[in-house]
Protein chains: 2
Amino acid sequence: MNFSTAEENYIKAIWRLQQSDANVTTNELAAELQTKPASVTDMLKRLSEKKLLHYAPYYGVTLTPEGKKLALNIIRKHRLWEFFLVEKLQFNWDVVHDIAEELEHVSSPELIERLDAFLGFPKADPHGDPIPDSKGRMTSTNNISLQQLSESQPAVVTGVGDQSSSLLELLRQKNIGIGTKLEIKQRHAFDGSVEIKIRNQPVINLSEQLAKNIFVQPQ
Amino acid sequence: MNFSTAEENYIKAIWRLQQSDANVTTNELAAELQTKPASVTDMLKRLSEKKLLHYAPYYGVTLTPEGKKLALNIIRKHRLWEFFLVEKLQFNWDVVHDIAEELEHVSSPELIERLDAFLGFPKADPHGDPIPDSKGRMTSTNNISLQQLSESQPAVVTGVGDQSSSLLELLRQKNIGIGTKLEIKQRHAFDGSVEIKIRNQPVINLSEQLAKNIFVQPQ
DNA sequence: AAAATATTTTAGTTTCGTCTAAATTTTAAT
DNA sequence: ATTAAAATTTAGACGAAACTAAAATATTTT
């Protein structure tokens, strides 16, 4: 079965929303996909016809096993291409998302298997998100947000909350990337911001909003 | 200006046909694109609106400078991706065409410039076709078809007539590829076939049809 | 529990790219 | 120079994927 770019983008968006919120609604999807609720309803009917999701009018939607498989395959392609763009073509990690959005819809499975091998079977993309294998299996990420990290507990950055350029650029400016080792020196009750220390660098302050979007693994 | 995949495929097909035949007709295009003449007429009107070509109803079509520029850019992308697929991902040269047909429509110019650099600025794709530079300039190919080569004139294979799997597979079987050195030992008047000799290999016979589709540069 | 509000769906259009069938124009043949 | 044949365009329709405006259904508030 082959799907259109639009269909694939819906499935991907539903998968993403389903991560935090088991039942995905029309309005959420419309916001996520920058489109109108009426358009979403139309597409949900089509995707339901194609057995990619269960659609209960007025009550939202969940992916079928087939839908999940498709979603994970698109995510696999997206993340492998991101890895390629950063590791081989030397792109900055904050600009690869949009290009990968296009590349992920190229359909050849053989291409992806060979790309995976060429890249050395990477386990995570440049933002720290795990890359599903060809069967859709992913190393589960049991990391916490920096905001939840206890004081003076050393940790290493493993991922970020979203792929927006604004976030990634900010992190680049603050010298924070995947693999950066850091610890919280102080937590401010007033605004939720934290003072963090990276080796060989002065202590810096991160807003609560930013700390929430940095994922770390305690060491 | 950004164009759809369909539009780009029309422009590319027109460019290809224009190479052998300055005035391209509706029927030729329909055959080339596996579509119906009526659909071609529709699209030609749209592309004419967009100033990519000059369209004289009933009399055919030629690309404007803008159209040519777009065509060469798509061809550049196609050939760079083909080179990538063969050189980096180890695909056989007879299967890369279809995958490159998809990749060529990915729109980021930055991606192509970096890919070009990553590949070492190749001058020709795996089939020997020259890769246009970012300004659309191409090294002109002044090679002749094997059929036109004189007897006992050593020559090197520089390209092939089309990208069909059937042709490329046949060549692979006969151990002929880009860079193969060969010479014609004998020419048969009856069927136009030729006996050719490749170093360290027994003399083999190629049909006229095949010889016409192999391009060589006399040494 | 009824009214107000928010969410979702339906109905009716639009654009893109395609199609078939019919009409028109060009080209070839007599 | 007509006529026949071939090529091309026009007209009308369709599916995909979007839209707006209106109707229907859920949820919240009082």
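Reading guide: rules and limits
Residues numbered from 1 in each chain as written. Chains lettered and ligands numbered in written order. Predicted model: local features only at pLDDT ≥ 70, side-chain atom pairs only at ≥ 80, totals over all residues. Helix = DSSP H or I, 4+ residues; strand = E, 2+ residues; numbered from the N terminus. Buried ≥ 20, exposed ≤ 12 C-beta atoms within 10 Å, placed from the backbone. Contact = placed C-beta atoms within 7 Å. Nonpolar A, V, L, I, M, F, W, Y, C, P; charged D, E, K, R; others polar. Core = buried A, V, L, I, M, F, W, Y, C linked by C-beta atoms within 7 Å. Pairing = 2+ DSSP bridges. Near = placed C-beta within 6 Å. pLDDT = per-residue confidence, 0-100. Axes fitted to C-alpha atoms, helices over the stretch in contact; angles between N-to-C directions. Parallel < 35°, antiparallel > 145°, perpendicular 65-115°, else oblique. Left-handed = near helix turned anticlockwise from the far one by under 90°.

(A) Quick peek at the overall build of chain A. Looking only at helices and strands, chain A features eight helices and eight strands. Taken over the C-alpha atoms alone, chain A extends approximately 55 × 45 × 25 Å along its principal axes. Buried residues in chain A amount to 32% of all 219 residues. For chain A, restricting intrachain contacts to residue pairs at least 6 apart in sequence, the fraction spanning at least 24 positions comes to 55%.

(B) Examining the interface of chain A and chain B more closely. At the interface, 14 residues of chain A touch 14 residues of chain B. For the side of chain A that touches chain B, the elements supplying multiple residues, two or more each, are helix H5 (96–103) and helix H6 (109–118) of chain A. For the side of chain A that touches chain B, the element with the highest residue contribution is H6(A), accounting for four residues. Looking at side-chain class alone, the side of chain A that touches chain B contains eight nonpolar, three polar and three charged residues.

(C) Main features of the nonpolar core. Membership of the largest hydrophobic core comes to 64 residues, with the highest contact counts inside it found for Leu85(A), Ile214(A), Val216(A), Leu85(B), Ile214(B) and Val216(B). Every residue in contact with Leu85(A), bar those within four places of it in the chain, is listed here: Phe91(A), Val96(A), Ile99(A) and Ala100(A).

(D) View of the pairing of strand S1 (residues 53–56) of chain A. For S1(A) and strand S2 (residues 60–63) of chain A, the ladder comprises four bridges, and the chain directions are antiparallel. Counterpart to Ala56(A) in the pairing with S2(A) is Gly60(A).

(E) Quick peek at the protein's contact with DNA strand C. Neighbouring DNA strand C are 20 residues, the closest being Thr25(A), Asn27(A), Ala38(A), Ser4(B) and Ala38(B). Going through the elements one at a time, helix H2 (26–32) and helix H3 (37–49) of chain A together with helix H1 (5–20) and helix H3 (37–49) of chain B are the ones with two or more residues in the surface near DNA strand C. At five residues, H3(B) tops the list of elements feeding residues into the surface near DNA strand C. In terms of residue class, the surface near DNA strand C is built from eight nonpolar, eight polar and four charged.

(F) The pairing of strand S5 (residues 181–187) of chain A, seen in detail. Residue and element names in this part refer to chain A. Relative to S5, strand S4 (residues 155–160) runs antiparallel, the two being bridged by two bridges. The residue of S5 that forms the bridge with valine 156 is lysine 181. Of the pairings in the sheet, the one linking S5 to strand S6 (residues 194–198) comprises five bridges and is antiparallel in character. In the sheet register, arginine 187 faces S6, and the bridge partner there is valine 194. Hairpin connection between S5 and S6: a loop of six residues separates the two successive antiparallel strands, and glycine 192 in this loop has a positive phi of roughly 75°.

(G) Here's a closer look at the protein's contact with DNA strand D. Within the structure, DNA strand D sits among 20 residues, and Ser4(A), Ala38(A), Ser39(A), Thr25(B) and Asn27(B) are positioned closest to it. If you list the elements that add at least two residues to the surface near DNA strand D, you get helix H1 (5–20) and H3 of chain A together with helix H2 (26–33) and H3 of chain B. By residue number, the principal contributor to the surface near DNA strand D is H3(A), which donates five residues. The class makeup of the residues in the surface near DNA strand D is eight nonpolar, eight polar and four charged.

(H) Expanded view of the environment of Leu70(B). Residues and elements named next belong to chain B. Turning to its location among the elements, leucine 70 is positioned in helix H4 (residues 65–87). With 24 C-beta atoms packed within 10 Å, leucine 70 lands in the buried category. Note: C-alpha distance between leucine 70 and glutamate 32 (38 residues apart in sequence) is 19 Å. With sequence-adjacent residues up to four places away left out, leucine 70 is seen in contact with Phe3, Ile11 and Leu52.

(I) Broad picture of the sheet that holds strand S7 (residues 204–206) of chain A. Residues and elements named next belong to chain A. The strand order S3-S8-S4-S5-S6-S7 describes an open sheet built from six strands, whose pairing is antiparallel. At either end of the open sheet lies a strand with only one pairing partner, and these are strand S3 (144–145) and S7. Looking at chain direction, S4 and strand S8 (residues 214–218) are connected through five bridges and run antiparallel. Bridge pairing in S8 places glycine 159 opposite phenylalanine 215.

(J) Seen up close, the confidence of the model for chain A. Overall, the prediction assigns chain A a mean pLDDT of 93, with 100% of residues at 70 or greater. Across chain A, the element-wise mean pLDDT spans from 88 in helix H7 (residues 165–173) of chain A up to 98 in H6(A).

(K) Structural context of the packing of helix H4 (residues 65–87) of chain A against H6(A). Residues and elements named next belong to chain A. Running from amino to carboxyl end, H4 crosses H6 at an angle of 40°, the nearest separation of the two axes being 10 Å. By the angle between their directions, the pair H4 and H6 is classed as oblique. With respect to the hand of their crossing, H4 and H6 are arranged in left-handed fashion. Along the contact surface, H4 presents Arg76, Lys77, Leu80 and Phe84, while H6 presents Ile112, Leu115 and Asp116.

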